[in-house]
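One letter stands for each residue in the lines below.
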Amino acid sequence: MRPQDRMAVIQRSVVREMAQFGVEFTVDDEVVRGPGTTAVAVREHPGDGGSGHVDLGFVLDLGRADAPVVWDCAAGLGKTEEEKLDNAVKMWATTTASTVVELLEHRGEHGDHYQPAELADWHAIQGPAAVFGFGNERLADWLADHQPLTAIAEALRPELTAGRLTGVKLFLGGRSGDDIAEVRVNGEVSEAASAALHALDWPRGERFCWARLFILLVPEGGLHPEPARPAPAPVPVALPVARPGLLARVRHVLRSARR
């Protein structure tokens, strides 16, 4: 597939996936523009030869030279290159874009907020975990009951730059005797944090299964944008309704992955 055709497929997929959040994005030359000053940039993945990798950067203040850009890469499976690219964008939207949308809207709808005691100067926003492969219920349940970020915090701390919005991607899984754990900080592999993640007791089965999740670390007193759209008016209910927690988020993605 020619580079321009790949770009067109990726951009169309971004527009479609962002619409799932109720946000309108439109293609504008090299970027996909969203509300206000937000945009998604696309760049060529190094060495991509039809492997279905995408590199996407969620721009928070387009036009400002020092604006934060949340970069992440994702890969998708499929029979054709177009299908691979399409599924890669879906994976990015499920885990990474949802986290950035939650940062922009801070409504508790697309991610969970928490203050890791081990990273006292940071506020964490964690999007849904995408769990896929065989027998993925055990890994999904483990992620629902644990916060891997707090367990790898000490190893992660030296990688953080004070005052800078930081994206942390966790990828873990495989099978017993053939597993993998990788932590990327702003796109770069952290060997120490990856080793700490590998040492955790997440379940390893006899068949291949993986999980991917994305966390934004927001410096305390730092970036707290106004909501991109107002929160909906409260709806009267007969009984209190709890906001879905991480367990619901993981299992929702798990069910979606099966289709």
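Criteria and cut-off values
- Residues numbered from 1 in each chain as written.
- Predicted model: local features only at pLDDT ≥ 70, side-chain atom pairs only at ≥ 80, totals over all residues.
- Heavy atoms only, no water.
- Helix = DSSP H or I, 4+ residues; strand = E, 2+ residues; numbered from the N terminus.
- Buried < 20%, exposed > 50% of the residue type's maximum accessible area, 1.4 Å probe, protein only.
- Contact = heavy atoms within 4.5 Å.
- Areas by Shrake-Rupley, 256 points an atom, 1.4 Å probe, with all protein chains shown as cover.
- Core = buried A, V, L, I, M, F, W, Y, C linked by side-chain atoms within 4.5 Å.
- Pairing = 2+ DSSP bridges.
- Axes fitted to C-alpha atoms, helices over the stretch in contact; angles between N-to-C directions.

To continue, consider the overall build of the protein chain. For the protein chain, the count of helices and strands is 7 helices and 12 strands. Expressed as a percentage of its 259 residues, the buried residues of the protein chain come to 46%. For the protein chain, long-range pairs separated by at least 24 residues make up 66% of all intrachain contacts whose partners lie at least 6 apart in sequence. Carbon and sulfur atoms make up 53% of the accessible area of the protein chain, which totals about 13000 Å².

A word on the nonpolar core. The biggest cluster of nonpolar side chains holds 32 residues, and the ones touching the most others in it are Val14, Met18, Leu56, Phe58 and Trp92. Within the residue set of this core, elements represented by two or more residues are helix H1 (3–19), strand E3 (39–43), strand E4 (53–59), strand E5 (69–75), helix H2 (81–105) and strand E12 (209–219). Broken down by element, this core gets its largest block of residues, 10 residues, from H2. Residues within four places of phenylalanine 58 in sequence aside, it is in contact with Met18, Phe25, Thr38, Ala39, Val40, Pro68, Val69, Val70, Trp92, Ala97, Val100 and Leu104. Core analysis: the second largest hydrophobic core is formed by 30 residues, Ala140, Leu156, Trp202 and Ala211 among them.

One can find valine 31 in strand E2 (residues 31–33). Residue classification places valine 31 among the buried positions, given a relative accessible area of 18%. Those residues in contact with valine 31 that lie beyond four places of it in its chain are Gln11, Thr26, Val40 and Ala41.

The next point concerns the sheet that holds E5. If you trace the 5 strands from one edge of the open sheet to the other, you get E1-E2-E3-E4-E5, paired in antiparallel fashion. The sheet is open, and its two borders are formed by strand E1 (26–28) and E5, each paired with just one other strand. This sheet shows a mean twist of 25° between the axes of neighbouring strands, independent of strand direction. Across 3 bridges, the pairing between E2 and E3 is antiparallel. Note that in E3 the partner of valine 32 across the bridge is valine 40. Across the face of the sheet, H2 comes into contact with E3, E4 and E5 while running at roughly 20° to E4.

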